[in-house]
Structure formats: structure tokens, C-alpha cells
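Fold and geometry: a report
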Amino acid sequence: MLLQKLRIERLRNLQAVALSELQPFNVFYGQNGSGKTSILEAIHLLATGRSFRTYTPKHYIQHHQADTLVFAQSHDYRIGLQKMSSGEQIMRVNGDAVATQGQLAKLLPVQVIEPQSTDIIDDGAKPRRQLLDWLMFHVEPDFYPIWQNYSRALKQRNALLKIYPAPKPQISIWNQVLAQEGERIHVLREIIVERWQDDVKQELQHLLPDVNIELEYYAGFSTELGLAAQLEQDVSKDLERRTTQHGVHRADLRLKTAMGYADDVLSRGQKKLLIVALKLAQITMLNRLNKETVVLLDDLTAELDAQAQQRLISRLHQLGSQVFLTTLDQQSVQSFLDTQDMAYQLYQVKFGQVSPV
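Time to look at the packing of aromatic side chains. Under the defined criterion, the tally for this structure stands at 5 aromatic pairs. When the ring of Phe28 is compared with that of Phe324, the centres are 6.3 Å apart and the planes differ by 15°; the resulting orientation is stacked. Taken together, the residues span a long stretch of sequence, with Phe28 in strand E3 (residues 25–29) and Phe324 in strand E13 (residues 322–327) at a distance of 296 residues. Residue Phe28 shares its accessibility class with Phe324, and that shared class is buried. Here the aromatic rings of Phe28 and Tyr347 are separated by 4.9 Å at their centres, their planes lie at 15°, and the arrangement is stacked. Placement of the pair is Phe28 in strand E3 and Tyr347 in strand E14 (residues 344–350), with a sequence separation of 319 residues. A residue is classified by how much of its surface remains accessible, and Phe28, at 0% relative accessible area, is buried.

In C-alpha cells:
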């Protein structure tokens, strides 16, 4: 789903935004604090139901307003999200209400590339697991319903672990569900990681040719023992800590070089390029499935050198992605787009007003 129109209301400092005739490349420029990143935030909110800048809706909903609204239109779809300060939301596709955020996310695969953030590499398992599961959601149709079943079972088991005395027969019932769904997720993840690895290596040849990265997937439980046996074996420890300590919700994806793990041995600049390669490889995998990805590039020219910027833009063009890009230096971006004969639209953002140039 490539966007033709975008409307944003009551989000941060943005005045009512109505953009039509969006292009494959959409460049937003202006001073810091003008509202550029808020446009990307709105698109991400529409696709995922959450901001990539904060977990709290009242932080992005305008002061004294009860909600924010984001609406987008493509050739085939009209999708909208109304997010309330309470966290509740109303979602529509072609005018009809939909029940889950996943229905919007399937229509609008959105990938954020923020090379200034190295959280994926440096901040433990959770961001790496989220990166893997974004890919799982979009390329493996069976993943999402299995993950929903697993998440419900995990919630029930954790609730039972907090009860005294422990209802062990009920815990054992949920162990069976967790084990069944968790083992299925594990098998699917292993397959996807192997496919992803090949594409990562291809992207790294251009971005970090001197660095070889191996993706090492850890299941979150002993694969020799099996998840069912692990859950039964660890029930006493889980009761002490009142949470389920093993399972696919504790999985990790480590990034290993010949000299050690990436978080320990790569420079900050190398980490930025590695993040770009990981995400480009994901977009490549979706492209092979004829799925178009909307890519949000925040503050591109401030974080990557000219060669890396041009490589990234060219690659996204090859993959048929629609790009929303923010920059302080529109001239360098515009110059490169002109030389490559890419269709683009410039927008100036000033004091929350967005104007085509």
C-alpha cells in the first residue's frame, strides 16, 4: 500500500496537515522542532497503533485535546486511526471498523530507519526480538495467530503464578498451550532467520564490506529439553519470581562478527550501517513477496555520510519503497534525487505548517 494522501490532526505541534499527490520520495525539511519528525510519527502511529518516540498517547496528542486522528489513502484503501489520550483507539478500513491493529499493519508495512539510534544492537534482547517479529509478521502468514495464542496463554500462566497457594494443575494446562504454540513459533523463526541472513550479507557488501555478520538465534528455552519439559521443570522457580522465565518471549537474536558480538566490537558508525543493512534486508524479503514497504527515514543527512545516504536511497528506489524523509539539508537530498531521476516532492515544515514546494 503506497500512500497517495495523508491527513493528520491534533498531533504534537502540527497544524492540520492535508497532503495529496504523495510521491515515491517525500522530503520534509525545516529547522529542528518544526514538526518534521511528527509527520513520520503519525504514519507509524497509523500502521502500528504506537509512536516510535513515546509509549504515552498524551505526549503526542496536542495539549487540551482528547484525541489525534491520522488518515491515509492509497489506490485501493482508505485507512484511519483515531487515538484517544486514554490509549483507546478506533480503526477503519474503507469506512468499516476493524477490530485489531494487525489488520492495518498488514495493509501498511512501515519500517523506521533511524541510524542515530543503536538500541537494536546495544539495549538487550527486546529490540532485536521486536525487529525479528516485525519480519515474521509480514512474511509468515501463520505467525500472528500463533503468537496471539501464545501471548494469551502466557498472560494466563503469569496470572496463576501470582496466586497463593499455587494452582499447579491449572498451570500445567497452560504449560501445554505455551509449549505447543511456542515450539511452532520457534520453528518459524529459525526458518526466517536463515533466509534473512542471506539478504543481510548482500546488503553488508555495499555498506560494511569489511564486516561479516552472523545472525545467531536463541530460542529462549532449552531446545534439547523442549519447552514443555522446561516449563514443568522450572515451575517452582517461576512461582518464586511470579513470572514465566523461559519461552519464545525471551528469545534473542545476537549479531556476531569474527571479533565478537557487534555490541562489543563495532564502532558507533559501523552499528548505524549495520542497522540500515538489517532493515534493508527485511524490505528486500517483503519485496520478493510483492509487498511494498513505506520507509520512514528520520534526519538522514545528519547521521550517514554522503555515500551511505546515496546507497540507501538508491536501494530503496530499486525495492519500490515509498519513502518519507526528514532532513535539515534538502539541497543535498534534492540534488541526488535529481541526478537519479527519481519522482519526489519537497515539503517545507515551519512552526507546524507543512507546505509543498
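Back to the write-up after that little detour.
With that settled, the discussion passes to the nonpolar core. Trp196, Leu215, Leu274, Leu297 and Leu312 are the most contacted members of the largest nonpolar core, which has 71 residues in total. Top contributing element to this core by residue count: helix H11 (residues 268–288), with 11 residues. Among residues more than four places away in sequence, those in contact with Leu215 are Val193, Trp196, Gln197, Val200, Leu253, Arg254, Leu255 and Leu278. Val70, Met91, Val93 and Val294 belong to the second largest nonpolar core, which has 38 residues in total.

What counts and what doesn't
- Residues numbered from 1 in each chain as written.
- Predicted model: local features only at pLDDT ≥ 70, side-chain atom pairs only at ≥ 80, totals over all residues.
- Heavy atoms only, no water.
- Phe/Tyr/Trp six-rings, centres within 6.5 Å; stacked < 30°, edge-to-face > 60°.
- Helix = DSSP H or I, 4+ residues; strand = E, 2+ residues; numbered from the N terminus.
- Buried < 20%, exposed > 50% of the residue type's maximum accessible area, 1.4 Å probe, protein only.
- Core = buried A, V, L, I, M, F, W, Y, C linked by side-chain atoms within 4.5 Å.
- Contact = heavy atoms within 4.5 Å.

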